[in-house]
Amino acid sequence: QLQLVESGGGLVQPGGSLRLSCAASRFSLGGYAIGWWRQAPGNEREYIGCVDRNTNKTYYANAVKGRFTIFRDNAKNTVLLQMNSLQPEDTAVYYCASRTEHFSFCASSQDYYHYWGQGTQVTISS
């Protein structure tokens, strides 16, 4: 079964940037559509964006469009989330998740993602 691990979280000031990484062992992430999600305390898990398996086309939620970028680093077998212009409302635990290898395209519902990492904390505060 696919195992995902997020890394790169931390504390940054408003307006700052942070890059998160989603890594996998054994399996190539190139074979999976990968989504990024976040969850703040008391809130539902929120869709951030996704990169397709075959086309590598990316999709973003309106809340992060223009500030966040998802891309693959195939040499390191990772999917990265570059976050710019961070604001306090971006504070959350960030998760990467994967669809199964049978589905090529992105989706914005949690039910379509079958493998989840444990999350990494991102805090934006002055």
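The coordinates are above.
**Considering the overall build of the protein**
Part 1 of the argument: The helix and strand inventory of the protein stands at zero helices and 11 strands.
Part 2 of the argument: Sequence-ordered secondary structure for the protein, helices as α and strands as β, is β-β-β-β-β-β-β-β-β-β-β.
Part 3 of the argument: For the protein, whose C-alpha radius of gyration is 13 Å, the value lies close to the compact-globule estimate of 14 Å for 126 residues.
Part 4 of the argument: Oriented by its inertia axes, the alpha-carbon framework of the protein measures out at about 45 × 30 × 25 Å.

**Comments concerning the sheet that holds strand S7 (residues 68-73)**
Part 1 of the argument: The strand order across the open sheet built from four strands is S1-S3-S8-S7, with neighbouring strands paired in antiparallel fashion. This sheet does not close on itself; its edge strands, each paired only once, are strand S1 (4-7) and S7. Within the sheet, the average angular offset between the axes of one strand and its neighbour, ignoring direction, is 20°.
Part 2 of the argument: One ladder, built from six bridges, connects strand S3 (residues 18-24) with strand S8 (residues 78-83); its direction is antiparallel. Residue pairing for S8: Arg 19 is matched across the bridge by Gln 82.

Thresholds applied
- Residues numbered from 1 in each chain as written.
- Predicted model: local features only at pLDDT ≥ 70, side-chain atom pairs only at ≥ 80, totals over all residues.
- Heavy atoms only, no water.
- Helix = DSSP H or I, 4+ residues; strand = E, 2+ residues; numbered from the N terminus.
- Rg over C-alpha atoms; globule rule 2.2 N^0.38 Å.
- Pairing = 2+ DSSP bridges.
- Axes fitted to C-alpha atoms, helices over the stretch in contact; angles between N-to-C directions.

Without other data, these values stay purely geometric and don't point to any function.
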